[in-house]
Amino acid sequence: MADMQSIVILTGAGISRESGLATFRDADGIWATVRIEDVATPEAFRRNPARVQAFYNARRRQLLDPAVQPNAAHIALARLERDWPGPVLVVTQNIDDLHERAGTRGLLHMHGELLKARCTGCGRVVPVTEELTQDFACAGCDGTGSLRPDVVWFGEMPMHMAEIEQALAQADLFVSIGTSGNVYPAAGFVDEARRAGARTVELNLEPSEGARLFDEARHGPATELVPAFVE
Ligand code: BV8
């Protein structure tokens, strides 16, 4: 890795699995017990906001459990950013705050953040560490809006896309960690990095949907693979 300068790292639910947070598409994943159409689309929120709020309230409660801490993979990425001479950008699909708590600073949450809420009226984003209920009116507007989770649902535009595309176009190394490569546009980032001439590496428990697109793939738990890769 000596001649690598700019590093872009994409993370998914697999990097937080060993911190105790469920993934989505594993056998014990979130989508095994609840349907995307019922909790992770704007239509679901319009149809039954209380159901959607309850889904995110439960995940927020779990994230705020003191037992849920950044793991060795999150910590290794923060160390890489600190010690690496060139730019390191972590683009996460995760809505938890474990990268922040591990010390990563160059971080973009392309699918939003569980500990933030957004007003449906004026768009204000506020920190939230408690239950969100339907009548949580926004203090900033004329009270017409209510607070929704500040996350990106299916059919909604992911956040920070211009900044992400620019980083991919300049990447020398692209590392994908703990993602199944099912969800776009994140699943297409490896292609963009390849076109930019970057070396591409997948670190995942098992081959992802896009495994064949990577120059190198290492399979195993993130808490073993990531520290070893960063060394
Ligand atoms: C959009 C946030 C357009 C909330 C999520 C082509 C192009 C563009 C869009 C599409 C397209 N084709 C289809 C679409 C639509 C859709 C999509 O991709 N659908 C899929 C299902 C086919 N995409 C969208 O709707 C996106 N929006 O494109 O908008 C647009 C354009 C202009 C204007 C308006 C709109 C929005 C997608 C974002 C949806 N929100 N989450 C929340 O978290 O509740 S996505 C959801 O999947 C998750 O939240 C997660 O972020 C994402 C990816 O999941 P993973 O992180 O990969 O998790 P998964 O469980 O799948 O995999 C875990 C992996 O870890 C596994 O491989 C496992 O082996 C591994 N693992 C497990 N344990 C470990 C481990 N690895 C290492 N160590 C371990 N211990």
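As the structure is a computational prediction, the values presented were derived from the model and not from experiment.

**Considering the domain arrangement of the protein**
Reasoning step 1: Per the domain assignment, the segments of the protein are domain 1 (1–21 + 70–111 + 158–231) and domain 2 (34–67 + 114–151).
Reasoning step 2: At the interface, ten residues of domain 1 touch ten residues of domain 2.
Reasoning step 3: Of the roughly 690 Å² buried where domain 1 meets domain 2, counting both sides, 58% is carbon and sulfur surface.
Reasoning step 4: The three residues of domain 1 that bury the most area against domain 2 are Leu21, Ile95 and Met159, which together make up 59% of that side's buried surface.
Reasoning step 5: At the boundary of domain 1 with domain 2, the tally comes to zero salt bridges.
Reasoning step 6: Counting the contacts that link domain 1 with domain 2 gives two residue pairs in polar contact (both at pLDDT 80 or more).
Reasoning step 7: A per-class count over the side of domain 1 that touches domain 2 returns four nonpolar, three polar and three charged.

**Quick look at helix α6 (residues 161–169)**
Reasoning step 1: Taken residue by residue, α6 has Met161, Ile164, Ala167 and Leu168 as its buried positions. Viewed along the axis of α6, the buried residues span an arc of 125°, placing them on a single side of the element. Facing away from the buried side of α6, by more than 90 degrees, are the exposed residues Ala162 and Ala169.
Reasoning step 2: Contacts from the buried residues of α6 go to β1 (7–11), β2 (88–92), β3 (107–109), β7 (173–177) and α7 (189–195).

**A short note on the confidence of the model for the protein**
Reasoning step 1: Looking at the protein, the pLDDT average stands at 94 and 97% of residues meet or exceed 70.
Reasoning step 2: Averaged pLDDT values over the elements of the protein bottom out at 92 in strand β5 (residues 125–127) and peak at 99 in β2.
Reasoning step 3: At the level of chain-chain contacts, confidence expressed as ipTM amounts to 0.94, with global pTM at 0.96.

**Description of the sheet that holds β5**
Reasoning step 1: The three strands lie next to each other as β5-β4-β6, forming an open sheet whose pairing is antiparallel. In this open sheet, the two edge strands, each paired with only one partner strand, are β5 and β6 (147–151). With strand direction ignored, the average angle separating the axes of adjacent strands in the sheet is 45°.

Cut-off values and rules
- Positions within a chain are numbered from 1, following the residues in the order the chain's sequence is written.
- Only residues with pLDDT of at least 70 are given local features in this predicted model, and only at 80 or more are side-chain atom pairs given and counted; all residues enter the totals for whole chains, interfaces and linings.
- Excluded from the side-chain calculation are hydrogens and water; included are all heavy atoms of the structure.
- Segmentation into domains, and thus their bounds, comes from an automatic or database assignment.
- What makes two residues a contact is simply this: any of their non-hydrogen atoms within 4.5 Å.
- Each of two parts loses accessible area, computed with a 1.4 Å probe, when they are put together; buried area is these two losses added.
- Any carboxyl oxygen of Asp or Glu within 4 Å of a side-chain nitrogen of Lys or Arg constitutes a salt bridge here.
- Each polar contact in these results corresponds to two N or O atoms within 3.5 Å; when the atoms are within protein, one needs to be able to donate a hydrogen and the other to accept it, and residues that are neighboring in sequence are counted only if both atoms are side-chain atoms.
- Side-chain classes are defined by residue name, with Ala, Val, Leu, Ile, Met, Phe, Trp, Tyr, Cys and Pro counting as nonpolar, Asp, Glu, Lys and Arg as charged, and the others, Gly among them, as polar.
- With a 1.4 Å probe rolled over the protein chains alone, any residue whose accessible area is under 20% of its type maximum counts as buried; one over 50% counts as exposed, and the rest are partly exposed.
- Only DSSP runs of H or I covering at least 4 residues are called helices, and only runs of E covering at least 2 are called strands; the numbering of each starts at the N terminus.
- Throughout, the arc means the angular range of directions from the helix axis out to the C-beta atoms.
- As a per-residue quantity, pLDDT reports the predictor's confidence and falls between 0 and 100.
- Following DSSP output, two strands are said to pair if at least two bridges run between them.
- Structural elements are reduced to axes, namely lines fitted to C-alpha atoms, with helices fitted over the stretch in contact, and the angle between N-to-C directions of any two is expressed from 0 to 180 degrees.

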